[in-house]
Amino acid sequence: EELYLCASKEADGKNVILKAVNLTGEEKIAQLELQHPVKQVQAQLLSGFSLDAENTFDEPKLVAPRTETQELTADQKTVTWRFTPHSVTVLKLIR
């Protein structure tokens, strides 16, 4: 499937950090099953660029991360996330 994931807890044990790399040219959908409910998902994403895109002096912010926040309607133990093609994503699952 070529969607690589790594998860860890923050030092205080409250929030979970999930790092994901989607190596494919297709969107990958993952359903995350959690031990504790979460209220919010904060995402740092690097995606949407051609594979040979690079920052230059003329365009120093061509390739830059963007931030997304997803408020959950209720404490949820299951979160579904869409990982865009050729992307690096860091999710912070906030309790």
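Here is a short report on the structure shown in this document. Chains are numbered independently. Their residues run from 1 in the order of the written sequence. Selection of residues for local features in this predicted model requires a pLDDT of at least 70, selection of side-chain atom pairs for listing and counting requires 80 or more, and totals for whole chains, interfaces and linings are taken over all residues. Each side-chain value is derived from all of the structure's non-hydrogen atoms; neither hydrogens nor water enter the calculation.

1. Points about the sheet that holds strand β5 (residues 87-94)
Backbone-to-backbone hydrogen bonds join strands into a sheet, with any given pair of strands oriented parallel or antiparallel.
Here is step 1: With respect to topology, five strands assemble into an open sheet ordered β1-β2-β5-β3-β4, the strand pairing being antiparallel. The sheet is open, and its two borders are formed by β1 (3-9) and β4 (66-83), each paired with just one other strand. Ignoring strand direction, the axes of neighbouring strands in this sheet form an average angle of 20°.
Here is step 2: Across seven bridges, β1 lies against strand β2 (residues 16-22) in antiparallel orientation. Opposite Ser-8, over in β2, you have Ile-17 as the bridge partner. Note on pairing: DSSP must find at least two bridges between two strands before they are called paired. Secondary structure elements follow DSSP: runs of H or I no shorter than four residues count as helices, runs of E no shorter than two count as strands, and numbering proceeds from the N terminus. To get an axis, a line is fitted to the C-alpha atoms, and for a helix only the part in contact is used. The angle between two axes follows their N-to-C directions and goes from 0 to 180 degrees.

2. Observations regarding the layout of surface pockets
Here is step 1: In the cavity and pocket records, a cavity denotes points on a 1 Å grid over the protein atoms alone where a 1.4 Å probe fits but cannot get out, a pocket denotes an open set with protein on both sides within 12 Å along at least 5 of 7 lines, and lining residues are residues with an atom within 4 Å of a point. Grid points are joined across faces, edges and corners, and a volume is the space filled by probe spheres set on the points. For the largest pocket, the calculated volume is near 220 Å³.
Here is step 2: Surrounding the largest pocket, 14 residues form its lining, Lys-9, Val-16, Leu-34, Gln-35 and Leu-93 being those nearest its centre.
Here is step 3: It is strand β3 (residues 28-46) that provides the largest number of residues to the lining of the largest pocket, a total of five residues.
Here is step 4: Classification convention: Asp, Glu, Lys, Arg as charged; Ala, Val, Leu, Ile, Met, Phe, Trp, Tyr, Cys, Pro as nonpolar; all other residues, Gly among them, as polar. Among the residues forming the lining of the largest pocket, the class breakdown is seven nonpolar, four polar and three charged.
Here is step 5: Estimated volume of the second largest pocket: approximately 180 Å³.
Here is step 6: At the level of secondary structure, the elements contributing two or more residues to the lining of the second largest pocket comprise β2 and β5.
Here is step 7: Of the residues in the lining of the second largest pocket, the class split is eight nonpolar, six polar and no charged.

3. Structural notes on the nonpolar core
Soluble globular proteins tend to bury their nonpolar side chains together.
Here is step 1: The biggest cluster of nonpolar side chains holds 15 residues, and the ones touching the most others in it are Leu-32, Val-38, Val-41, Val-79, Trp-81, Phe-83 and Leu-91.
Here is step 2: Secondary-structure elements contributing two or more residues to this core are β2, β3, β4 and β5.
Here is step 3: Sorting elements by how many residues they give to this core places β3 first, with seven residues.
Here is step 4: Non-local contacts of Val-38, meaning those with residues more than four positions away in its chain, are made with Leu-72, Ala-74, Asp-75, Gln-76, Val-79, Leu-93, Ile-94 and Arg-95. Residues enter a nonpolar core if they are buried and are Ala, Val, Leu, Ile, Met, Phe, Trp, Tyr or Cys, with the set joined through side-chain atoms within 4.5 Å. Remark: exposure states derive from per-residue accessible area (1.4 Å probe, protein chains only) relative to the maximum for the residue type, with buried under 20%, exposed over 50%, and partly exposed in between. Here a residue-residue contact requires only that any non-hydrogen atoms of the pair lie within 4.5 Å.

4. Structural notes on the side chain of Gln-40
Here is step 1: Tracing the chain through its elements places Gln-40 in strand β3.
Here is step 2: A relative accessible area of 16% means that Gln-40 is categorised as buried.
Here is step 3: Polar contacts, as used here, are pairs of N or O atoms within 3.5 Å; protein pairs need one atom able to donate a hydrogen and one able to accept it. Residues neighboring in sequence count only if both atoms are side-chain atoms. Separated by 2.3 Å, the side chains of Gln-40 and Glu-71 make a polar contact.
Here is step 4: Gln-40 has contacts with Thr-69, Gln-70, Glu-71, Leu-72, Lys-92, Leu-93 and Ile-94, leaving out every residue within four places of it along the chain.

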